[in-house]
Amino acid sequence: MSGRAVVVGGGVAGLVLARDLARAGRDVVVLEAREHAGGCVGQVTVTRGGIDGAEPQCPASSPFAQVTLDAGAESFATRSPAVPDLLAELGLADDVVAPSAASAWVRSPDVLTRLPRSGVLGIPGDLADVRRALGTRAWLRARLDAALPARVGTRGDAGVSVGHLVRARLGTRVLRTFVAPVAGGVHSTSADLLDVDAVAPGLRDGVARHGSLVAAASALRQAAPAGAAVAGLRGGMHRMVTALLADLDALGVEVRTATRVARLERTDDGWAVHVVGPSRPGSFEAAVGASSAATVEADDVVVATTSIDAGRLLAPYVPAETIPPVPRGHVNLVTLVLDAPALDAAPRGTGVLVAAGTNAAHGIRAKALTHASAKWSWVADALPPGHHVLRLSYGRLGGEPDPGDASATSLERTALHDAGQLLGVPLTPAHVVGAKVVRFASALPFAATGHRARVARLRDAVGQVPGLHVAGAWVAGTGLSAVVADARRTAAQMTA
Ligand SMILES: Cc1cc2nc3c(=O)[nH]c(=O)nc-3n(C[C@H](O)[C@H](O)[C@H](O)COP(=O)(O)OP(=O)(O)OC[C@H]3O[C@@H](n4cnc5c(N)ncnc54)[C@H](O)[C@@H]3O)c2cc1C
């Protein structure tokens, strides 16, 4: 197999897939709409400045100049070898680092407490861990789990939501206190919209096998590799994208940035990929500042974009009902660098996951706070003493409106307020020595009930069209682990 493959979308899925195809001898071109590749994995440099880019209010006391951090994904799940194997191939194995062993916390409308480590998704693997946080009544209700028949909460042909499963077996309080913050903070949605089979495969069946949901959650946790559930890269996950691009360059793969694919056309002998890209220097389009249209011929096309573009590009070739609905909304990430020695004690461990509804009860709009300098030692090492990096994220599906359209300044102020509330430490603009907002459009997750079945139908439909392939989080599920494993499977099928 030697024909040309065009990969549409230069996120991690597209880059990993392109690399595997090129290593198998294919002629590969990657077309990426934005100015740089990497998609949700990228870097951000926070430079010295107060909120709104102003000079910090305490300039003399802080030697902070700048720090380069991850703009998006900052870690990967260790439950599968997909990312570690890739990092080893890229020569980055020695730079894989574990996060701090400190706990994460959860903030629900009712309570602020430590996240139990014994289970999954916030579902405790041992009820003894959560007795105090739940209170006696809710704790006794949760214990009913062991006495309920296995069918309770686990039946549903079109899938079962995490909310339904937990409410039915452990009661509303466990759902509100532990599981809703994980659904909101990690998966950006309500537990009632999240498909159990998509985010915790094996959990639903485990109830019958182990006799209770708590025992099933514990078994799933124990089946995971020893050590932390996630790992990162010293210097940031964006180093993986830099290494992928270097490898692609060495393999002779062209990665064309600022090149948006507008349409795919099936031709007699393959595909014509219609792109809108930067204009050629000296051309009429360049003279008038317009972009140019062009066509790239291909034998195979891989759609590895975000969901909105994937749906549009595939629409002429697959039945409309197989295309997953596009989740509305976006994720905004606010990075704050603070000169605040009061945070040296890491009052909330590695950070806090926040349940929807916490805004009404406590005026907190963030869905998660990561205390990055407490979580990753390489971040702490990059800062002057007494300085800290906090990352607060905004935007979830199916919840209250998020401040997504707010200006950067107002988001930074909201983040500073939320950070003070969540960490229990008074924080004012005088503590801020650097701040940056990064926005991710159409980056919300794809784990709603019924999504997996729809993706299976889509893959069948795509399989009927010669030379057409799909990859990326919109089909594989959110998270680097799922995305990398799926991209490599697809590349292997294409080169088999
Ligand atoms: C803020 C944030 C934090 C995250 N944190 C983590 C984490 O800590 N751990 C983890 O495992 N996962 C995390 N994730 C999820 C993870 O980053 C994603 O699941 C993964 O990176 C998705 O990769 P992808 O290649 O499928 O999609 P994307 O990264 O979305 O890449 C798709 C690419 O396609 C391009 N594109 C779109 N349309 C076109 C077109 N028409 N023509 C050409 N190009 C096009 C886009 O510009 C983009 O570069 C996070 C996500 C976000 C947003």
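The name recorded for the chain in an unreviewed UniProt entry is Oxygen-dependent protoporphyrinogen oxidase, from Flavimobilis soli.

A. A look at the pattern of salt bridges. Under the criterion given, the structure shown has 21 salt bridges. Residues Asp-27 and Arg-4 are paired through a salt bridge, measuring 3.6 Å at the closest nitrogen-oxygen approach. Separated by 23 residues along the polypeptide, Asp-27 in strand β2 (residues 27-31) and Arg-4 in strand β1 (residues 4-8) bring together distant segments of the chain. One network of salt bridges, with partners in common, ties together Arg-19, Asp-20, Arg-23, Glu-89, Asp-247 and Arg-488.

B. Layout of the packing of aromatic side chains. According to the stated counting rule, one finds one aromatic pair in the structure shown. The ring of Trp-139 is capped by Arg-131, whose NZ or CZ atom sits 3.9 Å from the centre of that ring. Just above the ring of Trp-105 sits the side chain of Arg-348; from NZ or CZ to the centre is 4.9 Å.

C. Structural detail: the packing of helix α5 (residues 162-170) against helix α6 (residues 172-187). Where α5 contacts α6, the two axes come as close as 7 Å, and the packing angle between them is 130°. The pairing of α5 with α6 is recorded here as oblique in orientation. Residues Val-162, Gly-163, Val-166, Arg-167 and Leu-170 of α5 form the contact with α6, whose own contacting residues are Thr-172, Val-174, Leu-175 and Val-179. Of the residues belonging to the contact of α5 with α6, the class tally is six nonpolar, two polar and one charged.

D. Region of interest: the side chain of His-274. Structurally, the position occupied by His-274 is in strand β12 (residues 270-277). The class of His-274 is buried, set by a relative accessible area of 17%. A polar atom in the side chain of His-274 sits 3.4 Å from the side chain of Thr-295. Apart from the residues within four sequence positions on either side, His-274 is in contact with Arg-260, Val-261, Ala-262, Arg-263, Glu-265, Ala-294 and Thr-295.

E. Spatial organisation of the site of the ligand. For the ligand, the set of nearby residues contains 33 residues, the closest of which are Glu-32, Cys-40, Ser-75, Asp-309 and Ala-473. Note that an oxygen atom of the ligand is positioned 2.8 Å from one of the backbone N or O atoms of Cys-40. Between the ligand and Leu-480 there is a distance of 2.8 Å, counted from an oxygen atom to a backbone nitrogen or oxygen. Of all the secondary structure elements, the ones that give two or more residues to the shell around the ligand are α1 (12-23), β11 (260-267) and α19 (480-495).

What counts and what doesn't
Residues numbered from 1 in each chain as written. Predicted model: local features only at pLDDT ≥ 70, side-chain atom pairs only at ≥ 80, totals over all residues. Heavy atoms only, no water. Salt bridge = Lys/Arg side-chain N within 4 Å of Asp/Glu carboxyl O. Helix = DSSP H or I, 4+ residues; strand = E, 2+ residues; numbered from the N terminus. Phe/Tyr/Trp six-rings, centres within 6.5 Å; stacked < 30°, edge-to-face > 60°. Lys NZ or Arg CZ within 6 Å of the ring centre and 35° of its normal. Axes fitted to C-alpha atoms, helices over the stretch in contact; angles between N-to-C directions. Parallel < 35°, antiparallel > 145°, perpendicular 65-115°, else oblique. Contact = heavy atoms within 4.5 Å. Nonpolar A, V, L, I, M, F, W, Y, C, P; charged D, E, K, R; others polar. Buried < 20%, exposed > 50% of the residue type's maximum accessible area, 1.4 Å probe, protein only. Polar contact = N/O pair within 3.5 Å; in protein donor to acceptor, adjacent residues only side chain to side chain. Near = heavy atom within 4 Å.

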